[in-house]
Amino acid sequence: MLSFALMQQSAFAANHKRLGNVFTESKERIDEPRSLSQPNRPNLLVITTDQQRWDTLSIVQKQLKHYRNKFQIQTPNLDRLAKSGTLFWNAYCQSPSCGPARSSLRTGCSTARTGVQGNREMVGMDERDDSMTRLKNLWTYDQILVEKLGYVSETYGKKHLPNTLLHKHEPLADESVLQYDDYDMEMRQPNLTLQEFQARYPFHLDYFADNDNLRKRPIRSERINGLSTFPYRPTKMDASNWKSKKDSQKDSSDPGSKSFGVDSLGSNYTSTALIGQMGLLALDRLGQEYKDTSQPFCLTVSFNSPHPPFIVTRDYLKQYWSQRRHLYFPHPDENMQSSSPYYNKDKSETRRFETKSLNAEWTAIYYALITEVDTWVGQLLDKLDELALTTETLIIFTSDHGEMLGAHGLAGKNNFYEEAARVPLILSYPKVIASDQTIQTMANHIDLVSTILDYMDGKEHDTSDGNSLRRLMEHRSYNENYDENVAISEEITPNNKRPSYMIRKDDFKLMIANNPTAPTMDMFVFLKEDPFETNNLLGGQDSQALTSRQIGKVEHLKALLLDWMKRVDGEQFFFSKPAGGGPNEIQGVTARRTWPKADFWVSDDVLFFGKSVLARGQYISNEYLYIGRTNPGILRLIDISVQGRDSIFFKLSVNSAVIESDNYLRLQVSFTSSERLASIDARVVIRHSAGPEMLVDIKQL
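Asker: How should I be thinking about the overall build of the chain in this particular structure?
Answerer: Helices and strands together make up the secondary structure of the chain, namely 18 helices and 30 strands. Going through the 701 residues of the chain one by one, you find that 61% of them count as buried. Of all intrachain contacts in the chain linking residues separated by at least 6 positions in sequence, the fraction that spans at least 24 positions is 71%. Total accessible area computed for the chain in this model is approximately 28600 Å², and 46% of it derives from carbon and sulfur atoms.

Asker: I'm lost on the state of the cysteines in this one. Help?
Answerer: In protein structure, a disulfide is the covalent linkage between the sulfur atoms of two cysteines. Overall, the coordinates contain zero disulfides when judged by the stated rule. Just so you know, C98 is unpaired, no disulfide at all, and the nearest cysteine sulfur is the one on C93, 10.0 Å from it.

Asker: Help me out: how do you make sense of the pairing of strand β1 (residues 43-49) in this one?
Answerer: Counting buried positions over the seven residues of β1 gives seven, a clear majority of the element. By the alternation rule, side chains of β1 split into N43, L45, I47 and T49 and L44, V46 and T48, which are all buried. Two elements, β1 and strand β10 (residues 297-302), share five bridges in a ladder whose sense is parallel. Counterpart to I47 in the pairing with β10 is V301.

Asker: Just to check I follow, could you spell out the sheet that holds strand β18 (residues 501-505) for this structure?
Answerer: Sheet strands pair via backbone hydrogen bonds, and the direction of the pair is either parallel or antiparallel. Pairing within the open sheet is antiparallel, and its four strands lie in the order β17-β18-β19-β20. Strands with a single pairing partner mark the edges of an open sheet, and in this sheet they are β17 (486-490) and β20 (523-526). Direction aside, the axes of adjacent strands within the sheet are offset by 10 degrees on average. Note that β17 and β18 share five bridges and pair antiparallel. Paired with I488 across the two strands is I503, which belongs to β18. Set on the sheet, helix α17 (residues 548-569) makes contact with β17, β18, β19 (508-512) and β20; between it and β19 the angle comes to about 65 degrees.

Asker: What is the right way to look at the packing of aromatic side chains in this model?
Answerer: Within a pair of aromatic rings, the relevant descriptors are the distance that separates the centres and the angle that separates the planes. Evaluated as defined, the whole model comprises 22 aromatic pairs. Cluster of aromatic residues (ring-pair linked, three or more members): F260, F310, W362 and Y366. One cation-aromatic arrangement involves R567 over Y482; the distance from NZ or CZ to the ring centre is 3.6 Å.

Asker: Would you mind going over the pattern of salt bridges with me for this structure?
Answerer: Should the charged atoms of two oppositely charged side chains come close, the side chains can pair. A complete count under the given rule lists 40 salt bridges for this structure. Across the salt bridge formed by E175 and K168, the nearest N and O atoms sit 2.6 Å from each other. Residue class for E175 comes out partly exposed when judged on its relative accessible area of 36%. Assessed through its relative accessible area of 17%, K168 is described here as buried. In this structure, R215 and E222 form a salt bridge, with 2.8 Å as the shortest nitrogen-oxygen distance. Taking relative accessible area as the criterion, R215 reaches 37% and is therefore assigned partly exposed. Taken together, the shared-partner salt bridges in this structure form one network comprising E418, R422, R504, D507, K509 and E533.

Asker: Is there a simple way to explain the nonpolar core in this structure?
Answerer: As a rule of thumb, soluble globular proteins bury nonpolar side chains together. Grouped together as the largest cluster of nonpolar side chains are 77 residues, with contacts concentrated most on I47, V60, L87, F297 and L299. By size, the runner-up hydrophobic cluster in this structure holds 33 residues, among which are A112, F508, V568 and Y626.

Asker: Explain the sheet that holds strand β16 (residues 443-444) to me, please; I cannot follow it from the model alone.
Answerer: Spatially, three strands are ordered β13-β3-β16 in an open sheet, and the strand pairing comes out mixed. Two strands in the sheet have a free side with no partner beyond their single neighbour: β13 (422-423) and β16.

Asker: What is the right way to look at the packing of helix α9 (residues 197-212) against helix α11 (residues 271-293) in this model?
Answerer: Contact geometry for α9 and α11: axes closest at 11 Å, N-to-C directions at 95 degrees. Comparing the axis directions of α9 and α11 gives the class roughly perpendicular. The segment α9 lies against α11, with F197, Y201, H204 and F208 engaging S271, L274, I275 and M278. Of the residues that constitute the contact of α9 with α11, the class distribution is six nonpolar, two polar and no charged.

Asker: Explanation requested: the environment of L299 in the structure shown.
Answerer: Inspection of the secondary structure puts L299 in strand β10. Residue L299 is classed as buried on the basis of its relative accessible area, which comes to 0%. The spacing of L299 and N43 is 256 residues in sequence and 8.2 Å in space, taken between C-alpha atoms.

Asker: Got a minute to help me understand the side chain of S339 in this structure?
Answerer: Assignment of secondary structure puts S339 in the loop between α12 (314-321) and α13 (356-386). When neighbours within four sequence positions are excluded, S339 is seen to be in contact with M521, N536 and G539.

Asker: Would you take a moment to explain the packing of α11 against α13 for this structure?
Answerer: Relative placement of two packed helices is described by the angle separating their axes and the distance separating the axes. In the contact formed by α11 and α13, the axes pass within 10 Å of each other and the chain directions differ by 10 degrees. As judged from the angle between their axes, α11 and α13 are roughly parallel. Across the interface between the two elements, T272, A273, G276, Q277, G279, L280, L283 and D284 of α11 pack against E372, V373, W376, Q379, L380, K383 and L384 of α13. Of the residues in the contact of α11 with α13, the class split is seven nonpolar, five polar and three charged.

Quick notes on the rules
Residues numbered from 1 in each chain as written. Predicted model: local features only at pLDDT ≥ 70, side-chain atom pairs only at ≥ 80, totals over all residues. Heavy atoms only, no water. Helix = DSSP H or I, 4+ residues; strand = E, 2+ residues; numbered from the N terminus. Buried < 20%, exposed > 50% of the residue type's maximum accessible area, 1.4 Å probe, protein only. Contact = heavy atoms within 4.5 Å. Areas by Shrake-Rupley, 256 points an atom, 1.4 Å probe, with all protein chains shown as cover. Disulfide = S-S within 2.5 Å. Pairing = 2+ DSSP bridges. Axes fitted to C-alpha atoms, helices over the stretch in contact; angles between N-to-C directions. Phe/Tyr/Trp six-rings, centres within 6.5 Å; stacked < 30°, edge-to-face > 60°. Lys NZ or Arg CZ within 6 Å of the ring centre and 35° of its normal. Salt bridge = Lys/Arg side-chain N within 4 Å of Asp/Glu carboxyl O. Core = buried A, V, L, I, M, F, W, Y, C linked by side-chain atoms within 4.5 Å. Parallel < 35°, antiparallel > 145°, perpendicular 65-115°, else oblique. Nonpolar A, V, L, I, M, F, W, Y, C, P; charged D, E, K, R; others polar.

Everything listed is a geometric property; what it means functionally is a separate question.
Right, dumping it as structure tokens:
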């Protein structure tokens, strides 16, 4: 038998002599030229991690003040990928929970539309008629590329999707959209199981245990890793050191478990190594077949790390362990506050990382898991180079959601703090996507399907809720129909114990419940002054002390959320008439208000215009000003105009309006000129019935 170590050598070592086809059943290759009648569509390589924070790339940490003079994470290959393409600085998952996030990432649809609104709720979806109908109306990027555009698709690693999304649509619903998703180690050939990698992983290790002499019985103080079923040596953070003996035996593969330690397995046998190897073998085979047959491929390599259990090999841990006291990490008490909707009076869950030494230990292990993934990302990039396919492949790297890592006294995800909802996102397509570029504009996971289809010449098949990010990377975005510089996340929880939606615009961020009587607290922060989100301006008495400008901004964020919900609602009324007879969430958000009302509010006192875009022979750009009233009665906007030296370049969507209570006007302010302006002298003047006229300056970013 060919051992794992030898397989790794033969597949990966740069100077090792390559073995022939490692598969028992070789595939006959058809030698025919590429069809010139078909679009030259690129291959797709999607690399994902699980539970990786947005700021765990060394290229990012180098730019953040709180990481200066600290020992930083080492991710040279992800940095290399970012340098070859575009890094999205402000990217957000659609939901800070595994199943919902992954379903939205794969389909480009809101969780209200997928129906996958929680990991538990996902169980049994493929058997229920109501959810089956909903799932069959969705299209993943795999399904579109295979069924509509002639790609071959394979996925290795963690899926965490409803099974329906892994199959083709009618009349081929019994046929998987994936060619392969696993590797038969004994037969040395790929196979299709449609099972989760977590379930297959112990079986793979059993094969290696028999062939490579792996030790499965724990010794001394070792415990069993519930994911691999092999021993690990616990560190002080491990549940065995702070939970009761009964609780500490909880399966460490459980997402809520707290298992920390050093793996007894070598670096060749971790979940990351096996997923990485499967991805490499698949990439080598698919790449060769693409060069011979011209059939493009879609390959997804989905690593389980740095998701719990937090168990890592000594090889990757040692560099961080020796420097753990010099890592940046938040002390839980430093940014916990009772005015947070996520505040938990019971600190029994936080005592495991209530000291700096324990936080340092956690961070070291977490970083090591990411660096291990980074090593395999490098192998994948090297393989593309070796196959001469780098310039013919769109590469996407992201994570399903983040990890709190002790911030705010929290672990895991399931909240809208930056640590949990914000994710790393890199796109690379050399000679097509600009290299070494950072985009500050908001990006959402649901934009990725649209983006993929944009580059694959398949926009006519796009039924997702997102927008292609290509317009941002090519600097062609001008907010044509609505404000596109917005991030939104969803998390519907039983009994509304936490906020249901997050909306971010610029440095302002709102977390809000989906009905007026929900017991949870809402949260409003200004990230520029409060990057760690420790000051909830809607917390307790603070919400009654908001300035008129702050009230206007909260209402603005809420209006942006409502606009998005109405656009996505569709003919199936995903928000206004949700499945299962739930409440009208658009009405619920409209009625939700935990801050003072106002006779008149406006979203901005300064309206900033970004760089204008050349379109149709003119430089154009649109921005949107929101105006509303929340007190009883009517607000009359008597006259709205643009004044100033450059007023001739601006046009308003309306010049007067009547706004009823709890409503708002979305005013489009359009700039059009035959040339770009070096500076702007203009202002929007609003004469209204609730008081003196309002002046909103127009400035250029």
